[in-house]
Structure formats: structure tokens, C-alpha cells
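What the coordinates show
Chain by chain, the residues run as shown.
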Amino acid sequence: MIMKFPKSHLVLNNIVPFAITLAVIFICGVTISQISSETDIANAYNERGIITVTKVSDDDEDEYLGLGLTPNHSVRVRLTDINGNAIRESKDVVYHGRFLHITDMHPDLLNKLNSSIVRKCHKRDPKALPDELSHKFGDSMSGCDSPIYLYEDTLAWIRENLKDKIDFVIWTGDNVRHDNDRSNPRLESDIFSMNQKVADRMETTFMDDGEEEKMPQERRVKIVPSLGNNDVYPHNLVAPGPTLQTREMYKIWRSFVPAEQMHTFDRGIYYFREVIPGKLAVLSINTLYFFKSNPLNDNCDGRKQPGYKLFEWLSITLKELRRRHMKVWLSGHVPPIPKNLHYSCYTKMAVWMHEYRDIIIGGVWGHMNTDHFVPLDSVKAWRSIRNRLNAMGLEDDAKSLNFETYGDEEENIFAKNADNDDEDVKDFRDDIDMYRAMGLLDDDFGVNRKSKRYDSAPVGKVTYLNSIRDDLLVRIKGKKKAGQHGERYSFAHVSASVIPTYNPGFRVWEYNVTDLFSNNDNHEIFEGWDEFFARANKILDQSDELADSLQIAENFTANKQYYTLKKDITIPPVMPSDIDLGPGYVNQLFSPERYTQYYADLNKLQKSGDQKISFGVQYSTDDDVYNMTGLLVEDWIKLARRLSKSSPLKKNKEIKGKNGDTTFYEDHDKLTESGDGNVAALRLWQKFIDRAFISTGYQHYPFSTQN
């Protein structure tokens, strides 16, 4: 069943008004020839012709509204000669201004209908109680992986309902079952085989009719996969390439990874793809090189560490994409949040996202199975890097870090913060201080439960989200110390998963395509990507040789004779002051406008006995709960600060009613709905929690909190 909404549901500040013609006409050099595809339109910068962008009117607005999407959101790009006549070989290209994020499918060939949940849904047990038997589409909080029915029918539903409404797919990994059944251990051949099966299924799911003979890289819907921690053998463990795994994954993803990036990909299963040629790219980051659970990665500071090498690639790539005036989404499996990353990797990710805020729109991630978002604070991250350099005896390099503090000086961080609602909330000095306060040395939760049905349910996840609120969200600054557009911060967006850890789900983002191919475009001609990657690989090879010659110890002990920031390209230069903020901060082309979260209610499916899965809208970001008019960083800051008001750290506060009346409360547990009908802080937090666990009611179980 698909939820229906009235047309008034989509009255948004950021929705483009209907217009017959939007951005029209630019003329560029030489002769038109062999123009037949989306890539050729992008290459029209080198041709003589006219690109016309017009609004597309959808035939069935009710269908889009029923899917929680904005109707009339697409644009058509057409190439004509200078007299306005269509070029015979050319084809119109439609951009919908939407992309799908799907993650953690975990299909399990061993999963059997009516098998025992206690036995990972792999075996039947005549002694099992009725509530311990598995169902066709899986069981939330069971600890079982996805039945093949769930995986296949989810992709079938997406193909039928969403494929024709999106431009590209960000697919953030975990396409193999967990290694949690001792009687059926995973084999390396099984892992490669299942990765191949899922890649083939993704390719056919998003292939338009008639594209069978078309080269995979030229198909309309671009697919950008990234590596999950269960996509490798053993799970979590990935060495720097070239290795058997890097080469095998290139064979499996050869339809998705540009051929000119094969050698770069072989270094560590990272690459990027142009999803709108010459304009928008998605970087696929192998986050296992940042992951604390990967025993082959200790940190991101040692030159021989795979995380350090990945940041070298990121440095070269972002610099080139900025030179070409392209915009970027970051993507990967493990989100860059303190729970998952070594602090040196976390701090570097935070400062790279900050110093390239002119081109990086945001980052989407998987792995956690829980729908939430986490702020990255550039000031604390820079302080951490500076403190590390000082600890290494590199005081001059530390002093040279001229990063922006937004008036948040270190000596004042424990004082009352008038910029933060007059809250007397003690702040952290840097990211290391934050890690220490969050108790991340040991984050295993031990909870004893009697119910076998929930023996493998996730444990302590409400406690985890409470810690995000109480340790991170409450410390987000207002405009005085966050910047006019909140540019001090970036955000990690973590989506729901297909695996029925909770209810299965996925997400569709909508973004601004108003000024696509406008006459303000830069028409510089750049070298081919093959030439760029030849240069990039040479730089990376030279860095590898330097690391070998220096024989850097695993604990990256400082050596002033060789270390200099000029040679450490894993620490970014400060963004030039004359560069404008990008689409993640100021509304413009490619700015995210809203997203819609889809889910399937497994309990309802089981009770109804439906043999076909159906996904409905769980929520959209512009609904009357989140009430977000856009998805810029400052919009996320506003939501985060609203959520933080429910924290027990925030007391003696007031809620203003519709008539200006105020109600004071001493205890956050006694918050009530405010007079103007808006959801008050605790009610908002409760709704956020329900959405985080995909409306399963997980938060009401005793194992949802840490004892």
C-alpha cells in the first residue's frame, strides 16, 4: 500500500515554480558531430550548438504525490543547431533531480520460510514456538538476514515505482549475509559469488527498456556502489591493494566503475563516478580503511596506513573536481561518526568536508541500520590535528594551521555559551576529548534477556542515539559561532537498511536542477580523465615509495627531518576566502531540497498474509513533524537544536506558546505540547526515535537501552 497525500502536502519554499522554459541557450565552439547521448550533451561545451533546458510536466501528479515526491520536478535537456533545429543524431536527456540511496540488503540464500529465528532462520525446529518462526519477508529485530523474497521484491518494487523518476543510485554496500552461523561459515567464493549476483540484479533493475545493448557506463540511471564490511572475507578485514579482493571487486563492478580508474580502484576499492557528466560526481569511499573494526587499519596518520593512502587519493580527487567546477556527494558504507572511526580518520574527514564545502554537498552512509544524522565539527577537528602535531614535536607546523574558529576560542569553551540558548553546557576541547567523554574505548553492551525471539536483536541503540543528542547535538552552536550558513559544520546522513534489523527501508533525495546547463556555465576545456588519472597514479606511487624509504613506525613517531605539512596532502589547505559556499550551504544548482523515507511494515504484511511486498512513505522531511523547508546544513542545524532541547542537560528552559505565553519546565520528562500546536522537544525526540527504528517500536523493548 502506498500512502496518499493531498496536493497541498508539497507546498515548499524550495520547489521550483512551473515554467515552460528555464535555463536556455548557450553557444560554444567548432562543429557538431556524433551527438547521441547524455555524455555528448555534456561535451557540447566543445561543439557549436544550443542547449535548451525545459520543465517536464508529469502526466500523473497523483502518482508522485502518493509516492511522497514532488511532481513536475524534472527538466529536459535538448541539443539543437544554432537555428533551433533538432540534431538528428542527438537524443533528449531528462534529469529528474532525484537519487535513490539504498544500503545493507544482506540477502541470505540459506534463509528458509518458517525456519527457527533462534537458528538464524537457516533451519527448521519442530520445537520452536509460533513467534519464533520466520516469515516470507523477514522479521524485525530477529537477527536474521534478508530472505531472498525481501531482497528481490524490494528491487522489483523500486523498478516498478521509482526507477523512471531518479537520475542515479547510491548503493552503500553489505550485499552478503553476516558470518553469524557457526554451522554454515561463509567462504570467500560464496562472498564473491553473492556480490556478483547482487551487482547483476542491480544492473538489470535500473536498466531502461532498450538499453540492453548499450554500454553500461552510458545507461541513463548511474549506479555508484561502495564496499560493505560484510562484502569481504573475512568480514571487516581489507588490506591495501593490489590484492585478490581489489581485483575481484573490479571485475564484479566493471559496469559501474569507469575504466580509466581501474588502477586507482586497484589500490583500495575507491573511485568516483560522474552522475551528470561535467557537473556532478559521487565519490565511493572504501570506509573500511577508516573502520575501527578493520585490524589492518590502525589510524589515518601513518604513511603506510591504508586510511592515510585513501586520504591522499581524496586530496588529489577533490582538488581536480574543484578545478573542473564540479559538485560532489560523498558516499560509503561506514558513516564517519565517532562510534565507528579512529579519531584521526574522523578528524580528517571532518576537515576535508569543511575545507571543500564549496563543492561537497554532503555525505550518505549505511551500516548502522538506523535512520539518523550526526554533525561533524570542523573547529574541534582542526584542534585535534593541531594538538597531535604539537604532541609529535612539530610546533611550527601546528602554529601554521590557520583554520577558522568562528569566534569559538579554546580558552572560552568551558564558559557559559550565550550563543547556545544561554545554556551552561560544557563543551569539548577537541575530538579526542569528545571520544573520551563518549566512552568509546569499549562500546559492547551486555544485556541478558529471557525471550529467545529477541536473543539476536540489536542492543542499546536508544542509548546510542541519546548519546548522539547529549554529547553532540546539544553542543551545536548558533550563527555567532557556526557561521552565517552553519559552515562550521557538515553532517553524516545515515539511512535505513533493507535488512530487517528493524523494518526494511530506503530513501529518495530530491535536489535542485533549475539552472542545469545555464548560460552561466564555465566552458573551460580540461584534459581527459585518462590523462588526469595517469598523473594521479604517479603521485600516489611516489608517496608509496617515500613511505617505504622512511619505514615509518606503526605509531607514526615524529621525525622532523622528513615531516612537513607541505608533503602531507592528507591534511587539506584552508579553503580560499574568495570561493563561494557550495550547494550544501546556499540554495543553488544541486542543493538538496527534501527526501522521502520509504518502509515496509513487516508486522502488517505478516498479519495480512500478503504475498507481494509493498512500500509506503514513512515520512518526508517537509512534513509537519520535521517541517524542514530545505536540506541545507543550516536546516539540519535547526532540527538538531530542536531535538537537543529534549536532553536532560537542558533544564530551566521555556517554550513559547502561540500568544507569547511561556511555560517553564525543570524536568525534561515533563515536557508537554506547546500552545501553538507544534511538537515540543520531547515529543519531537520521541518521533525522531520512532523514525530512527523505522516504526518497529524497538524503543519500547528493555534491550533498547544500555543497563
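The paragraphs below set out a description of the structure included in this document. All figures in this text were calculated on a predicted structure; none of them were measured in a lab.

Looking at helix 9 (residues 378–391)
End to end, helix 9 covers 20 Å across 14 residues, agreeing with the expected 20 Å (1.5 Å per residue, within 8%). With 10 of 14 residues buried, helix 9 is to be regarded as a mostly interior element. The complete set of buried residues in helix 9 reads Ser378, Val379, Lys380, Ala381, Trp382, Arg383, Ser384, Ile385, Arg388 and Leu389. Tucked inside the fold, the buried residues of helix 9 contact helix 8 (343–355), strand 12 (372–377), helix 10 (395–399) and helix 11 (431–437).

A word on the pattern of salt bridges
Side-chain pairing between opposite charges can occur once the charged atoms of the two side chains come close. If you walk through the whole model with that rule in mind, you get 36 salt bridges. When the shortest N-O distance is used, the salt bridge between Arg119 and Asp125 registers 4.0 Å. A relative accessible area of 21% means that Asp125 is categorised as partly exposed. The closest approach of N and O atoms between Lys477 and Asp427, which form a salt bridge, is 2.5 Å. Linking Lys477 in the loop between helix 12 (461–471) and helix 13 (479–482) with Asp427 in the loop between helix 10 and helix 11, this pair joins segments that are 50 residues apart in sequence. Of the two residues, Lys477 and Asp427, neither departs from the other in class, the shared state being buried. What you see here is one network of salt bridges that share partners, running through Asp377, Lys380, Asp408, Asp427, Arg475, Lys477 and Arg488.

A closer look at the pairing of strand 7 (residues 222–225)
In strand 7, alternate side chains face the same way, and those of Lys222 and Val224 on one face and Ile223 and Pro225 on the other are all buried. The pairing of strand 6 (residues 168–171) with strand 7 spans four bridges and is classified as parallel. Paired with Val169 across the strands is Ile223, a residue of strand 7.

Considerations on the sheet that holds strand 15 (residues 592–599)
Read from one edge to the other, the open sheet built from six strands follows the order 7-6-5-14-15-16, with strand pairing classed as mixed. For this open sheet the edge positions go to strand 7 and strand 16 (616–620), each flanked by a neighbour on one side alone. Across this sheet, the average inter-strand angle for adjacent strands is 25°, counted without regard to direction. Taken together, the four bridges between strand 5 (residues 98–102) and strand 6 define a ladder with parallel strand orientation. The residue of strand 6 that forms the bridge with His101 is Ile170. Helix-sheet contacts for helix 4 (residues 188–205) involve strand 5, strand 6 and strand 7, and the interaxial angle to strand 6 is about 160°.

Some thoughts on the state of the cysteines
What the rule picks out here adds up to two disulfides. The disulfide partner of Cys121 is Cys144, and the S-S distance across this bridge is 2.1 Å. Every disulfide takes its handedness from the sign of the S-S torsion; for Cys121 and Cys144 that torsion is 85°, giving right-handed. A residue pair is termed long-range when its members are at least 10 positions apart, and Cys121 in the loop between strand 5 and helix 3 (148–161) and Cys144 in the loop between strand 5 and helix 3 qualify at 23 residues. This pair shows no difference in class: Cys121 is buried, exactly as Cys144 is.

Examining the nonpolar core
Core analysis: the largest hydrophobic core is formed by 173 residues, its most contacted members being Ile102, Val169, Trp171, Met202 and Trp253. Lining this core are residues from two domains, each supplying at least three of them: domain 1 (37–95) and domain 2 (96–407 + 479–643). Residues within four places of Val169 in sequence aside, it is in contact with Leu100, Ile102, Met202, Phe206, Val221, Lys222, Ile223 and Val224.

Topic: the packing of helix 16 (residues 633–644) against helix 17 (residues 681–692)
It is the contact of helix 16 with helix 17, at a shortest axis distance of 8 Å, that shows an interaxial angle of 110°. One element, helix 16, and the other, helix 17, form an angle in the roughly perpendicular class. Together, Leu639, Arg642 and Leu643 of helix 16 and Ala681, Leu684, Trp685 and Phe688 of helix 17 make up the contact between the two elements. When the residues that make up the contact of helix 16 with helix 17 are grouped by side-chain class, the tally is six nonpolar, no polar and one charged.

Details of the sheet that holds strand 13 (residues 489–494)
Read across the sheet, six strands follow the order 8-9-10-11-13-12 without closing on themselves; strand pairing throughout is mixed. In this open sheet, the two edge strands, each paired with only one partner strand, are strand 8 (271–276) and strand 12. The average angle at which neighbouring strand axes cross in this sheet is 25°, direction not considered. The sheet contact formed by strand 8 and strand 9 (residues 280–285) spans five bridges and is antiparallel. Within strand 9, the residue paired with Glu274 across the bridge is Ala281. Helix-sheet contacts for helix 7 (residues 306–323) involve strand 8, strand 9, strand 10 (327–332) and strand 11 (360–365), and the interaxial angle to strand 9 is about 180°.

Considering unusual backbone geometry
Note the cis peptide between Tyr233 and Pro234, where omega equals -15°. Of note, Pro234 is situated in the loop between strand 7 and helix 5 (244–252). Between Gly241 and Pro242 the backbone carries a cis peptide bond, its omega angle lying at 5°. Here Pro242 shows up in the loop between strand 7 and helix 5. We note that His106 has phi near 45°; this positive angle belongs to a residue other than glycine. Locating His106 in the fold gives a position in the loop between strand 5 and helix 3.

Some thoughts on helix 7
Over its 18 residues, helix 7 extends 26 Å from the first C-alpha to the last, a length consistent with the 26 Å expected when each residue adds 1.5 Å. Backbone geometry just downstream of helix 7 places His325 in the positive-phi region, at approximately 60°.

Here we look at the side chain of Glu593
With respect to the helices, strands and loops of the structure, Glu593 is situated in strand 15. Here Glu593 is buried and forms no salt bridge, its nearest opposite-charge partner Arg594 lying at an N-O distance of 7.2 Å. Side chain to side chain, Glu593 and His73 meet in a polar contact 2.8 Å long.

Reading the values: rules and limits
- Residues numbered from 1 in each chain as written.
- Predicted model: local features only at pLDDT ≥ 70, side-chain atom pairs only at ≥ 80, totals over all residues.
- Heavy atoms only, no water.
- Helix = DSSP H or I, 4+ residues; strand = E, 2+ residues; numbered from the N terminus.
- Expected span 1.5 Å × (residues − 1).
- Buried < 20%, exposed > 50% of the residue type's maximum accessible area, 1.4 Å probe, protein only.
- Contact = heavy atoms within 4.5 Å.
- Salt bridge = Lys/Arg side-chain N within 4 Å of Asp/Glu carboxyl O.
- Pairing = 2+ DSSP bridges.
- Axes fitted to C-alpha atoms, helices over the stretch in contact; angles between N-to-C directions.
- Disulfide = S-S within 2.5 Å.
- Core = buried A, V, L, I, M, F, W, Y, C linked by side-chain atoms within 4.5 Å.
- Domains from an automatic or database assignment.
- Parallel < 35°, antiparallel > 145°, perpendicular 65-115°, else oblique.
- Nonpolar A, V, L, I, M, F, W, Y, C, P; charged D, E, K, R; others polar.
- Lys, Arg positive; Asp, Glu negative; His and termini not counted.
- Polar contact = N/O pair within 3.5 Å; in protein donor to acceptor, adjacent residues only side chain to side chain.

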